[in-house]
Amino acid sequence: MKDKKENNADLTTISKYISFILRHKPEAAGIQCDDHGWTNVDELLAGINKKYFIDRSMLEEIVRDDNKQRYAFNEDGTKIRANQGHSFQVDLELPEAEPPEILYHGTAERFAASIEKQGLLRGERQYVHLSADAETAVKVGRRHGKPVVYTVNAAQMNRDGYAFYLSANGVWLTEAVPAEYLKKMGEQMTDG
Ligand code: HQG
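Source: prediction; values computed, not measured.

Section: the pairing of strand S4 (residues 103-108)
In terms of burial, S4 is largely enclosed, as 6 of its 6 residues are buried. When S4 meets strand S6 (residues 147-152), the two strands line up antiparallel, connected through 6 bridges. By the bridge assignment, threonine 107 is partnered in S6 with valine 148.

Set out below in structure tokens:
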């Protein structure tokens, strides 16, 4: 099914562009996001169309099939936003959530020394991103290089007063993780 494959590849390219717009740079498509990250669907489509052909049904397919459920429409489908990952300030109106005992953060080995010294910092993004399982964390880490995974003593952090949020697509968010709550997982856990 050659055609189908090519079509998917196209949608992936467009999806990456949508991520870039909705999380980092709406002005690149000549649009704006409101304080909660929402933007008008028709305006987004017009903005993307300057670069790639897309219509409403293709956008719906991207949102529906996204492997990480990165985007959400509002109730009446007139607006869209990214569920997490923003670098600009946005109020996603996420309620504080009680984290499980342990969460996971995947990163690259080359960041380990700095992380063990400074803890996890949010960098460009609004929050540090944590995964609910080690397997996901390995994948996140691999994006940056040879993966290493840290366990985060999340329940203890929470008891110590740090707030946690759970995004609509299951990513745990917190502002920073001090080094004392981190523990590097063994190599055998991260090379699979
Ligand atoms: C590292 C993807 C040195 C941190 C994923 C990470 C995620 C430090 C990098 C989402 C540090 C930032 C976010 C310190 C943190 N010293 N390095 N003190 N503290 N770092 O991409 O968590 O596919 O901004 O370990 O699935 O990798 O885009 O964050 O390696 O959920 O939807 O600084 O992006 O989702 O990198 O990934 P990122 P991330 P998408």
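Some points on the domain arrangement of the protein
Entries for the protein in the domain assignment read domain 1 (11-82) and domain 2 (103-190). The centre of domain 1, based on its C-alpha atoms, is set 27 Å off from the matching centre of domain 2.

As for the site of the ligand
Near the ligand there are 17 residues, and of these Arg23, His105, Thr107, Ser114 and His144 occur at the shortest range. Taking histidine 105, its side chain carries an N or O atom lying 2.6 Å from an oxygen atom of the ligand. Interatomic distance of 2.9 Å between a backbone N/O atom of glycine 119 and a nitrogen atom of the ligand. Elements with a minimum of two residues in the shell around the ligand: S4 and helix H4 (112-118). At 3 residues, H4 tops the list of elements feeding residues into the shell around the ligand. Residue composition of the shell around the ligand, by class: 5 nonpolar, 7 polar and 5 charged. When residues of the shell around the ligand are assigned to domains, at least three map to each of domain 1 (11-82) and domain 2 (103-190).

What about the sheet that holds strand S2 (residues 71-73)?
An order of S1-S3-S2 is seen for the 3 strands of this open sheet, with the pairing classed as antiparallel. Only two strands of the sheet have a single neighbouring strand rather than two, namely strand S1 (39-40) and S2.

Regarding the sheet that holds strand S5 (residues 128-130)
Ordered by their spatial adjacency, 3 strands build an open sheet running S5-S8-S7, and the pairing between neighbours is antiparallel. The outermost strands of the open sheet, each flanked by one partner alone, are S5 and strand S7 (165-166). Note that S7 and strand S8 (residues 172-174) share 2 bridges and pair antiparallel. Within S8, the position partnered with tyrosine 165 by the bridge is leucine 173.

Description of the nonpolar core
By size, the foremost hydrophobic cluster in this structure holds 21 residues, and its most contacted members are Ile18, Ile54 and Leu59. At the level of secondary structure, the elements contributing two or more residues to this core comprise helix H1 (2-24), helix H2 (41-48), helix H3 (56-65) and strand S3 (79-82). Broken down by element, this core gets its largest block of residues, 6 residues, from H1. Among the nonpolar cores identified, the runner-up in size contains 17 residues, and Leu120, Leu130, Met157 and Phe164 belong to it.

Rules used throughout
- Residues numbered from 1 in each chain as written.
- Predicted model: local features only at pLDDT ≥ 70, side-chain atom pairs only at ≥ 80, totals over all residues.
- Heavy atoms only, no water.
- Buried < 20%, exposed > 50% of the residue type's maximum accessible area, 1.4 Å probe, protein only.
- Helix = DSSP H or I, 4+ residues; strand = E, 2+ residues; numbered from the N terminus.
- Pairing = 2+ DSSP bridges.
- Domains from an automatic or database assignment.
- Near = heavy atom within 4 Å.
- Polar contact = N/O pair within 3.5 Å; in protein donor to acceptor, adjacent residues only side chain to side chain.
- Nonpolar A, V, L, I, M, F, W, Y, C, P; charged D, E, K, R; others polar.
- Core = buried A, V, L, I, M, F, W, Y, C linked by side-chain atoms within 4.5 Å.

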